[in-house]
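# Chains, contacts and geometry: an overview
Single-letter residue listing:
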Amino acid sequence: SPRAAIPNPLNVGLAGVDVSGNAGAEIDLQEAVYKRRSRLPASASAPEAIVEQRFYAHRARPSLMVMEYSASWEGAAASVDVHFAKRALHPADFGDFTSITSTRQCSVAGQERQILTWIGTTVGVETGAQPTKVAMAAWVTSSERMEKRRWYAMAAA
């Protein structure tokens, strides 16, 4: 059957990590969280770090998916810089999805962030089905300075 391509706004990955840098994945059934860990190699200015990416459905709004990151490492470094190879997708990349997109500056936790939001609807549907609506909000960044064991929400869809 022909299926509409619904963009995956949570398809975000880390730069500088190859297959050998994968530190594992886990499904926590008790907490209903999918976790993916990546090992970032040490550099001249930063220690080796394990970055954990978590995906879960919001408890009060189960149709809302949340993606967040945390980093941990040994040693006294106060923070590490994490670079992203992929960022939140723009729905204009998909021919069978119509959308309205906006970007605005917001203050989040005392820091200025550029937030990308979009809401859209599939053009193609299966017989007897209604178009699917999808919305997304994510901060637009190619890197983030992370403090040890602090969670950073990246996107919600």
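Structure: see above.
Cut-offs used in this document
- Residues numbered from 1 in each chain as written.
- Predicted model: local features only at pLDDT ≥ 70, side-chain atom pairs only at ≥ 80, totals over all residues.
- Heavy atoms only, no water.
- Helix = DSSP H or I, 4+ residues; strand = E, 2+ residues; numbered from the N terminus.
- Buried < 20%, exposed > 50% of the residue type's maximum accessible area, 1.4 Å probe, protein only.
- Contact = heavy atoms within 4.5 Å.
- Salt bridge = Lys/Arg side-chain N within 4 Å of Asp/Glu carboxyl O.
- Phe/Tyr/Trp six-rings, centres within 6.5 Å; stacked < 30°, edge-to-face > 60°.
- Polar contact = N/O pair within 3.5 Å; in protein donor to acceptor, adjacent residues only side chain to side chain.
- Core = buried A, V, L, I, M, F, W, Y, C linked by side-chain atoms within 4.5 Å.

### What to know about the overall build of the protein
The secondary structure content of the protein amounts to zero helices and 10 strands. When its helices and strands are written in sequence order, the protein yields β-β-β-β-β-β-β-β-β-β. Taking all 157 residues of the protein together, the buried fraction comes to 30%. Within the protein, contacts between residues separated by at least 24 positions form 51% of all contacts whose residues are at least 6 apart in sequence.

### Considering the pattern of salt bridges
Evaluated as defined, the whole model comprises six salt bridges. Note that aspartate 28 is salt-bridged to lysine 35, the shortest N-O span being 3.8 Å. Classification of aspartate 28 as buried rests on a relative accessible area of 18%. Judged by relative accessible area, which is 13%, lysine 35 ranks as buried. With its nearest N and O atoms 3.2 Å apart, the salt bridge here joins glutamate 31 to arginine 59. Taken together, the residues glutamate 31 in the loop between β1 (22–28) and β2 (33–40) and arginine 59 in the loop between β3 (49–57) and β4 (65–73) connect sequence positions 28 residues apart. According to the relative accessible area criterion, glutamate 31 is partly exposed, its value standing at 38%.

### Digging into the packing of aromatic side chains
In this structure the tally under the stated criterion is one aromatic pair. Where tyrosine 34 meets phenylalanine 55, the ring centres are 5.9 Å apart and the plane angle is 35°; that geometry is what we call tilted. One end of the pair, tyrosine 34, is in strand β2; the other, phenylalanine 55, is in strand β3, and 21 residues separate them in sequence. Under the relative-accessibility criterion, tyrosine 34 is labelled partly exposed at 32%.

### Some details on the environment of arginine 113
For arginine 113, the location among the structural elements is in strand β7 (residues 111–122). Placed 27 residues apart in sequence, arginine 113 and valine 140 show a C-alpha to C-alpha distance of 7.6 Å. Ignoring anything within four residues of it in the chain, the contact list for arginine 113 reads Arg104, Gln105, Cys106, Val108, Trp139 and Glu144.

### Brief notes about unusual backbone geometry
At alanine 32, a residue that is not glycine, the phi angle is positive and equals roughly 60°. Mapped onto the secondary structure, alanine 32 falls in the loop between β1 and β2. The exposed category is assigned to alanine 32, whose relative accessible area is 54%.

### Here we look at the environment of serine 102
By the secondary structure assignment, serine 102 is in strand β6 (residues 97–108). What makes serine 102 partly exposed here is its relative accessible area of 30%. Beyond its immediate chain neighbours, meaning those up to four positions away, serine 102 contacts Ile115, Leu116 and Thr117. There is a polar contact of 2.7 Å between the side chain of serine 102 and the side chain of threonine 117.

### A closer look at the nonpolar core
The nonpolar side chains of a soluble globular protein tend to be buried, and buried together. Within the largest apolar cluster, 18 residues are counted, with the highest numbers of intra-cluster contacts made by Leu14, Val51, Tyr69, Val80 and Val82. Elements supplying a minimum of two residues to this core: β3, β4 and β5 (79–83). Filtering out sequence-adjacent residues up to four positions away, valine 80 remains in contact with Ala46, Pro47, Ala49, Ala71, Trp73, Glu144, Arg145 and Met146.

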